[in-house]
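Given next are the chains, with one letter for each unit.
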Amino acid sequence: MKRTARGQDLVVNGPRLLQSLERLGRIGWNGEEAGITRLAFSDEDRQARQFFLDELAASGYVCRIDAAGNIFGVRPGGEGENAPITMGSHLDTVHQAGPYDGAYGVLAGLEVLRTLDDLGIATRHPLAVANFVNEEGARFQPDMMGSMILSGALSLEEARTKRDDAGISVGEELDRDGYAGTDRVAPGKYLELHVEQGPILEAEDLQIGVVEGVQGIAWWQGFFLGQAAHAGCTPLVLRKDALLGAADLALAVRALAEELGDGSVATMGRCAPEPDVINVVPGGARFTLDFRSYDPERFERGKILVEELVRSVAFRNGLEYRLEQVTNALPVRFDPTLVALVEQGARERGCTYRRMRSGAGHDAQLLAPVCPAAMLFIPSVGGVSHTPKEYSAPEDLVRGANVLLACALALAEPL
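Fair warning: this is a prediction, and the values are worked out from it, not measured in the lab. (Residues numbered from 1 in each chain as written. Predicted model: local features only at pLDDT ≥ 70, side-chain atom pairs only at ≥ 80, totals over all residues. Heavy atoms only, no water.)

1. A word on the packing of aromatic side chains
- Applying the stated criterion across every chain, the model contains seven aromatic pairs.
- Between the aromatic rings of Phe 132 and Tyr 190, the centroid separation amounts to 5.9 Å while the plane-to-plane angle is 75 degrees, which identifies the pairing as edge-to-face. Here Phe 132, found in the loop between strand 4 (127-131) and helix 4 (145-151), pairs with Tyr 190, found in strand 5 (residues 189-195); they are 58 residues apart in sequence, far enough to count as distant.
- Ring-pair connections join several aromatic residues into one group, and the members of that group are Phe 41, Phe 140 and Tyr 179.
- Across the ring face of Tyr 179, the terminal group of Arg 49 is positioned such that the distance to the ring centre comes to 3.7 Å.
- The lysine or arginine in question, Arg 333, covers the ring of Tyr 294, its NZ or CZ lying 3.7 Å from the ring centre. (Phe/Tyr/Trp six-rings, centres within 6.5 Å; stacked < 30°, edge-to-face > 60°. Helix = DSSP H or I, 4+ residues; strand = E, 2+ residues; numbered from the N terminus. Lys NZ or Arg CZ within 6 Å of the ring centre and 35° of its normal.)

Structure below.
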């Protein structure tokens, strides 16, 4: 039996959503200290993908997989195969992650579709839930790879050439066990529900974050080349210490971010000295750099200054260097109409909320240039994420899914 309803009057099946999160959280689980690891295209990621495909099939949704490995579960609409209103996020994780980053957005989108089925509500436009591959970039760079390919920001051919630390390519993993598909799905509008991954909502005792945009993200992989030497026999003034250069750079990019201001941040997340021996001056140092800024002009200026710093630090320390930019996700302002819809959904649900920006990158950031997109956050306890200690309260998880339901139904138009 079909029925009509306003989205703000409906609620998802909270226990079913929480159970789905718990079941998915067992995949890649390595204990309380190590948390969950599902690196992109790994066996654990493949198990998570299969879990998602099985859940879609059990609910009778049309499963579509594109050449990048992105998965879409489509619930048909009354007007046929027009571009679906799409919800989603990702199932891959960083090393030693928590259970909600990415996975929550995928399973909440699935729960929205299931709730509409339970209530017999048909919609004018089709609805879809998506899992985008390699959002984290923990194994292959750039991050947000699946949504980059879908949006045209990265070609599939180039993506297939990217290799992990072991030399395995994305293409090899896509071909293994038929990871890639042949379908093409273009979202009509995109909504992404996510845990905040920061402390703002909890600190201000708010329930929903209405995300207006995402700061730009630039990543580099670099290498300083100096001269390995005996730690006891080589005077300080004659050393070409590559690790010292990396340390100098880490401090310099931090100072640069502080100078640029407006929330700009810079991080050296990885640094590996070579030969990595206690009594040898490091002759080489591999490092990564992560620079982020919300203001487009600051972002562009900051990227230039970061690269200038690498050159100047290398010169000051007598080093040679290599530097390759591997990610360049521009700052994004989300569609004002969709942002207002999320705000309306939170307000009509009686939620406390605020408008905010995202400090982390998300698939919505890459999809925003090709279709209207918006995001909403729920609080992260302690503001932590990318760690086994990541936690959001069950009532917040369900509340966020209810706001997502209201927004998705408004866009899909109940019949």
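2. With respect to the packing of helix 10 (residues 336-348) against helix 12 (residues 394-412)
- Running from amino to carboxyl end, helix 10 crosses helix 12 at an angle of 130 degrees, the nearest separation of the two axes being 9 Å. In terms of orientation, helix 10 lies oblique with respect to helix 12. Crossing hand, helix 10 versus helix 12: right-handed. Of helix 12, the residues touching helix 10 (which contributes Leu 338, Leu 341, Val 342, Gly 345 and Ala 346) are Val 403, Cys 407, Ala 410 and Leu 411.
- Grouping the constituent residues of the contact of helix 10 with helix 12 by class yields eight nonpolar, one polar and no charged. (Axes fitted to C-alpha atoms, helices over the stretch in contact; angles between N-to-C directions. Parallel < 35°, antiparallel > 145°, perpendicular 65-115°, else oblique. Left-handed = near helix turned anticlockwise from the far one by under 90°. Contact = heavy atoms within 4.5 Å. Nonpolar A, V, L, I, M, F, W, Y, C, P; charged D, E, K, R; others polar.)

3. Notes on the nonpolar core
- Tyr 104, Leu 191 and Phe 334 are the most contacted members of the largest nonpolar core, which has 76 residues in total.
- Among the elements that take part in this core, helix 12 stands out by supplying 11 residues, more than any other.
- Setting aside its immediate chain neighbours within four residues, Tyr 104 contacts Leu 17, Leu 21, Leu 193, His 194, Val 195, Ile 378, Asp 396, Leu 397, Gly 400 and Ala 401.
- Among the nonpolar cores identified, the runner-up in size contains 24 residues, and Leu 260, Ala 285, Phe 299 and Leu 319 belong to it. (Core = buried A, V, L, I, M, F, W, Y, C linked by side-chain atoms within 4.5 Å. Buried < 20%, exposed > 50% of the residue type's maximum accessible area, 1.4 Å probe, protein only.)

4. A few points about helix 3 (residues 103-119)
- With 17 residues, helix 3 extends 24 Å between its outermost C-alpha atoms, agreeing within 8% with the 24 Å of an ideal straight helix rising 1.5 Å per residue.
- Among the 17 residues in helix 3, 14 count as buried, and that is most of the element. (Expected span 1.5 Å × (residues − 1).)

5. Describing the packing of helix 1 (residues 14-24) against helix 12
- Between helix 1 and helix 12, the shortest axis-to-axis distance is 10 Å and the interhelical angle comes to 110 degrees. Regarding the angle of helix 1 to helix 12, the classification is roughly perpendicular. For the pair helix 1 and helix 12, the crossing hand works out as right-handed. Contacts between helix 1 and helix 12 involve Gly 14, Leu 17, Leu 18 and Leu 21 from the first element and Pro 394, Leu 397, Val 398 and Ala 401 from the second.
- Considered class by class, the residues forming the contact of helix 1 with helix 12 number seven nonpolar, one polar and no charged.

6. Re the environment of Thr 288
- Along the polypeptide, Thr 288 turns up in strand 12 (residues 284-293).
- Each C-alpha atom of the pair Thr 288 and Gln 221 lies 4.6 Å from the other, and the pair is 67 residues apart in sequence.
- The residues touching Thr 288, leaving out its near neighbours within four places in the chain, are Trp 220, Gln 221, Thr 267, Met 268, Gly 269 and Arg 270.
- There is a polar contact of 3.0 Å between the side chain of Thr 288 and the backbone nitrogen of Arg 270. (Polar contact = N/O pair within 3.5 Å; in protein donor to acceptor, adjacent residues only side chain to side chain.)

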